[in-house]
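Working through the structure, step by step
Now for the letters of each chain:
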Amino acid sequence: MKVACLLLVMLLSGCASQAVEPSYYLLRSNQDLPSSKLSPSVDFALGTIEIAPYLNQLGLVIDIADSQIRPAVNHLWAEPIYDGVRTLLTADIAKANGQELMPAKLSKDATVVNIRIDKLDGTLDGRAQIVAYWWLVRNDEVIDLNRFSKSRALSADGYSAMVDAETALLEELAKKIAASLVPPPHK
Amino acid sequence: MPTEHAQVSKSRKISGIWFIPLLALVLGAYMVLHNWMTQGPDIEIAFKTADGLEEGKTKIKYRNVDMGVVNEVRLNEHLDGVIAKVKMNRQAVPLLIKDTGFWVVTARVGLGNITGLNTLLSGAYIELAPGSSKTEERKFVGLDQPPLTPADAPGLRLKLTSNHASSVTAGDTVLYKGYKVGRVETMTFNPDDKLVHYQIFIDAPYHELVNSSVRFWDVSGISMSTGATGFKVQTGSIDTILFGGLTFGVPTGIKDGGKVTKNSTFELYKSYKDILENPFRYGAYYVVSFNHSVKGLSPGAPVEYRGIRVGNVVRVLFKEGQSEQIEAGQEGEGAPIPVLVYVEPGRMELSDTEASLVVVEETIRLGVGNGLRGSMERGNLLTGAQYINLDYYPAAEKATLGTFMQYTTIPTIETGLAQMEEKVTSILNTIDALPLADTVASLNQNLESLESILDNQSTQQLPTHLDQTIQELRDAISSLAPNSDASQTLNSSLLSLNRTLANLESLTGTLSRQPSAVIFPSSPEVDPIPEVSEQ
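How each quantity is defined
- In this convention, every chain numbers its residues from 1, walking through the sequence in written order.
- Note on labels: chains are lettered from A, ligands numbered from 1, in written order.
- Local features in a predicted model are, by the rule used here, given only for residues with pLDDT of at least 70; side-chain atom pairs are given and counted only at 80 or more, and totals for whole chains, interfaces and linings are based on all residues.
- To obtain the side-chain values, all non-hydrogen atoms of the structure were used and water was disregarded.
- Between two residues, a contact is recorded if the distance between any of their heavy atoms is within 4.5 Å.
- The quantity reported as buried area is the accessible area (1.4 Å probe) lost by two parts once they are put together, taken as the sum for both.
- Whenever Lys or Arg places a side-chain nitrogen within 4 Å of a carboxyl oxygen from Asp or Glu, that contact is recorded as a salt bridge.
- Any pair of nitrogen or oxygen atoms within 3.5 Å is treated as a polar contact; in protein, a donor-acceptor pairing is required on top of that, and neighbouring residues in sequence qualify only through side-chain atoms on both sides.
- Numbering of helices and strands runs from the N terminus, with a helix taken as a DSSP run of H or I at least four residues long and a strand as a DSSP run of E at least two residues long.
- Only buried Ala, Val, Leu, Ile, Met, Phe, Trp, Tyr and Cys residues count toward a nonpolar core, and they belong to the same one when joined by side-chain atoms within 4.5 Å.
- Partly exposed describes any residue whose relative accessible area lies between the buried limit of under 20% and the exposed limit of over 50%, with all areas from a 1.4 Å probe on protein chains only and scaled to the type maximum.
- Any pair of Phe, Tyr and Trp rings, taking the six-membered ring for Trp, is counted once the centres come within 6.5 Å. Such a pair is stacked with planes under 30 degrees apart, edge-to-face with planes over 60 apart, and tilted for the rest.
- Both a distance and an angle decide whether a charge sits over a ring: NZ of Lys or CZ of Arg must be within 6 Å of the ring centre and within 35 degrees of the ring normal.
- Here the term cavity refers to a set of points on a 1 Å grid, laid over the protein atoms alone, in which a 1.4 Å probe fits but cannot get out; the term pocket refers to an open set having protein on both sides within 12 Å along at least five of seven lines, with lining residues being those that place an atom within 4 Å of a point.
- Grid points are joined across faces, edges and corners, and a volume is the space filled by probe spheres set on the points.
- Think of it as three bins: nonpolar holds Ala, Val, Leu, Ile, Met, Phe, Trp, Tyr, Cys and Pro, charged holds Asp, Glu, Lys and Arg, and polar takes everything else, Gly as well.
- By definition, two strands form a pair when at least two bridges between them are found by DSSP.
- Axis definition: a line fitted to C-alpha atoms, limited for helices to the stretch in contact. Angles are taken between N-to-C directions and run from 0 to 180 degrees.

Turning our eyes to something else, we now look at the interface of chain A and chain B. Counting residues at the interface gives 30 residues for chain A, matched by 19 residues for chain B. In this assembly, chain A packs against chain B so that about 2000 Å² is buried in total across both faces, 63% of it on carbon and sulfur atoms. Scanning the region where chain A abuts chain B turns up 0 salt bridges. Viewed at the interface, chain B and chain A are joined by 8 residue pairs in polar contact (both at pLDDT 80 or more). Ranked by residue count, the leading element in the side of chain A that touches chain B is strand β4 (residues 68-77) of chain A, at 6 residues.

In structure tokens, the structure reads:
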């Protein structure tokens, strides 16, 4: 009887410990996106966006050493990172070019833009970094291939500043992609 | 009285009368010496008869100069001829060599001329024709007839063969473009090869006209032919019309050949038309065998290589094929029918020589290894005339040259109409063998059953039900579209599930590191915070 009482006390004391509330972050463009009528691009369409598998998790990723990462437990993405990246890039490319990139299956004659994000994380010394590739495919032939690799210092300590820095890096990537979309001379 | 003295004079010691016998002695010695100095050797000449020969009278002449005289005529030891012993002059010694000829010159009346009329008064004599040998000889065999050409005459001696005895005989003229350039010396029939053999001589300088490409043909008599353009009459010279003769030349379209050596053999063709039909000297016989009808394939039919005529069909060896089959113990099994063909290199733009023939034979041998096959093709759809075609079929089964009798065989392949006919026949046979009546009866039963099923009310309602099912399926699929409520709900549920799984993963991580964390509170895990470095 004494042992049972002791276990109950210990269990109750364990439950009494205070849990840490997780923080959720969203990847969205920081630019102003005013209401306007959008027109779909006839020359270009969005193909695949590939995200490195290590990024495909809820926790934000910290690069703590060479080839060593740590996903945060209490700082989480509010949605799958794939959706966040796709939403941000399409919005910023559309803003830069004035035309919305439609899915490739809806624009069969268009040049297809394919994107791959190899790296998108923060470091303990206060930087965010990105490594990405994009390539244009026309008539089953790769006509352009580019790489974007950059890091950016955080404006403040903490994960919120890291998400802001990653957002800025993705916006910069969107501008580079938009600049590479030069329409072919029409027949 | 005066005394008269007798005068004593010396008498002559030798009487003058002795001059006469002395003179006779000197003359005799001279004659003996002259005779000894001019006398040549004794020779023997064998003749069939002693016709015209007289001992001590018949002379030996060369260019009408006496060279000796017949001393003795006697029968030979077999009693089937005579031997004339002749005393020759010393001047004739260089002429007594191995191939020197002797014959009796008498008056002769031939078809073309009359010779030896002078012997009617002077008597027969033996003519000598010197040879060109270096070997001395004292025993000779006399000729029955005077040689038509002297042994040392400049020119070219050739041999001709023919498979039929034409009107050409010894002594006939050899013409070149109608001009007499030689003569036929001998004509014999050889029972071994069943050919008539001629020896002809072409006088110099006309022998230069003979090369390996020339053909000889008979121009005896008058050749007549009829055609669409009327009658054609061809003749040689008047000599050849009356007495026969032959001519030679290079057929149109054939290049001049190389020089020929003496005693080379040529074929004597019946006519120039015969040459035009068979203008080439060199060729090779091959046998191609077919397992189907050879109707329409007649002797003389073309043998072609990809449309170019390279020879002709000689004949169908049906009898020989049957014999071979019987010898092989395969009678009654439907043996292939062998066809003898003749392939000529001259038809392939090659020179008409033995070397070209060797090239063609080697090409065919190598070609068969690479798929060269013979096939029978229809040359004329109206007449049904067929010909042999040679071509490469790389996909054909491997084969090599074979033998049939003394001939080389080329493997064959069935192509074109023959193959099509066989396939159509095979298909028709297959259709014929089908149980069509039973099948149609069974099909009718099945159609009746199908009709009753289709007439069934439930079957007729089936399309309506099917339409409904498809519409429901479309509705179900559209409810799962990316912008549908179900899709949104599903995405939301998956996100919640992901978070739950992440929490569960965190919990299992904590429990694996600190199993007592269920009872004893553990310090909450703290994420590393990125900090702006001070630079």
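Right, picking up where we left off after that structure.
Core analysis: the largest hydrophobic core is formed by 42 residues, its most contacted members being A:Val85, A:Ile115, A:Ile117, A:Leu170 and A:Leu173. For this core, the element with the most residues is helix α3 (residues 159-180) of chain A, which contributes 11 residues. Setting aside chain neighbours within four positions, we find A:Ile117 in contact with A:Glu50, A:Ile51, A:Ala52, A:Leu55, A:Val85, A:Val131, A:Ala132, A:Leu170 and A:Leu173. In this structure, B:Tyr286, B:Phe290, B:Leu357 and B:Val360 belong to the second largest nonpolar core, which totals 23 residues.

Before going further, it helps to spend a moment on the packing of aromatic side chains. One pass over the structure, following the stated rule, counts 9 aromatic pairs over all chains. With a centroid separation of 5.2 Å and an interplanar angle of 40°, the aromatic rings of B:Phe216 and B:Phe248 are classed as tilted. One end of the pair, B:Phe216, is in strand β14 (residues 215-218); the other, B:Phe248, is in strand β17 (residues 245-249), with 32 residues separating them in the sequence. Judged by its relative accessible area of 0%, B:Phe216 is buried. With a centroid separation of 4.9 Å and 50° between ring planes, the pair formed by B:Trp217 and B:Tyr272 is classed as tilted. Of this pair, B:Trp217 sits in strand β14 while B:Tyr272 sits in helix α4 (residues 272-277), and the two are 55 residues apart along the sequence. We classify B:Trp217 as buried; its relative accessible area is 14%. Ring pairing ties together the aromatic residues B:Tyr176, B:Phe216, B:Phe248 and B:Phe266, which thus form one cluster. Across from the ring centre of A:Tyr133, 4.7 Å away, lies the NZ or CZ of A:Arg116, which sits over that ring. Positioned over the ring face of B:Tyr125 is B:Lys61, at 4.8 Å from the centre of the ring.

All right, on to the pattern of salt bridges then. Counting across every chain of the model gives 18 salt bridges over all chains. In this structure, B:Glu344 engages B:Arg347 in a salt bridge whose closest nitrogen and oxygen atoms are separated by 2.5 Å. Of the two residues, B:Glu344 and B:Arg347, both sit in the buried class. Residues joined in a network through salt bridges with shared partners are A:Asp63, A:Lys119 and A:Asp121.

This brings us to empty space enclosed by the protein. Over the atoms rolls a probe the size of a water molecule, and in doing so it shows where empty space is left. Residue and element names in this part refer to chain A. Following the criterion strictly, the structure yields 1 cavity of 30 Å³ or more and no others. Its volume calculated, the largest cavity comes out at about 30 Å³. If you trace the largest cavity, you find it lined by Leu55, Gly59, Leu60, Val61, Trp77, Ile81, Leu120 and Glu166. Top contributing element to the lining of the largest cavity by residue count: strand β3 (residues 59-65), with 3 residues. Here the lining of the largest cavity is built from residues that sort into 6 nonpolar, 1 polar and 1 charged.

A separate point is the sheet that holds β14(B). Residue and element names in this part refer to chain B. Read once around its circumference, the closed barrel built from 7 strands follows the order β10-β13-β12-β11-β17-β14-β18, with strand pairing classed as mixed. Direction aside, neighbouring strands of the sheet carry axes that sit 35° apart on average. As paired elements, strand β10 (residues 155-162) and strand β13 (residues 195-203) share 8 bridges and run antiparallel to each other. In the sheet register, Gly155 faces β13, and the bridge partner there is Asp203.

These figures come from the coordinates and say nothing about function on their own.
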